[in-house]
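Results of the structural survey
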Amino acid sequence: MPKPIRCILLIDDDPDDNFLHRLVIEESGLCEEVREATTAAEALRYLAQPDAADHPFPNLMLLDVNMPGMGGFEFLDEYRRRVPNPPLDVQVLLFTAAENPAEQARAQSYREIAGYHVKPLTGELLAEVAGKYF
């Protein structure tokens, strides 16, 4: 039986968060493939490549707000410039280490952002997102 989420791209500079999020995703059984980018620039390079069997375009991105160099919001601005017409099924979950009302308000201005959450990802949240968007 096909899984509802084809590919999730983790975009986070923290290897511990990536490990935990990958574990939650794999245990959920909701996703075919998980890819990781430890910088926003690495994620942009990944997204610039054509969709292929060995290089799937993600339909869900888990994006860290605070990363060195280019943070989550800056990544989304650059993503919009580079991919002006992204696939319609691409959703972004924005993650942060601590809730920040200003960031949360800013997140609402991005159509791609399906949610703003304090880390870590949980199986319940992933199931809710899969049921709502996929």
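In what follows, the structure referred to is the one given above.
Residues numbered from 1 in each chain as written. Predicted model: local features only at pLDDT ≥ 70, side-chain atom pairs only at ≥ 80, totals over all residues. Heavy atoms only, no water.

**Focus on the side chain of Glu-112**
The residue Glu-112 is located in the loop between helix 4 (101–107) and strand 5 (113–118) in this model. Excluding its chain neighbours within four sequence positions, the residues that come into contact with Glu-112 are Arg-80, Val-90, Gln-91 and Val-92. (Helix = DSSP H or I, 4+ residues; strand = E, 2+ residues; numbered from the N terminus. Contact = heavy atoms within 4.5 Å.)

**Side note on the pattern of salt bridges**
Enumeration according to the criterion identifies 10 salt bridges in this entry. The partner of Arg-22 in a salt bridge is Glu-36, and the shortest N-O contact between them spans 2.9 Å. Here the residue Arg-22 occupies a position in helix 1 (residues 15–28), and Glu-36 occupies one in strand 2 (residues 31–37), the gap between them amounting to 14 residues. Residue class for Arg-22 comes out partly exposed when judged on its relative accessible area of 24%. Classification of Glu-36 as partly exposed rests on a relative accessible area of 34%. Between Glu-112 and Arg-111 there is a salt bridge whose closest N-O contact spans 3.8 Å. Given the relative accessible area of 6%, Glu-112 is considered buried. A single network of salt bridges, built from pairs that share partners, joins Asp-12, Asp-17, Asp-64 and Lys-119. (Salt bridge = Lys/Arg side-chain N within 4 Å of Asp/Glu carboxyl O. Buried < 20%, exposed > 50% of the residue type's maximum accessible area, 1.4 Å probe, protein only.)

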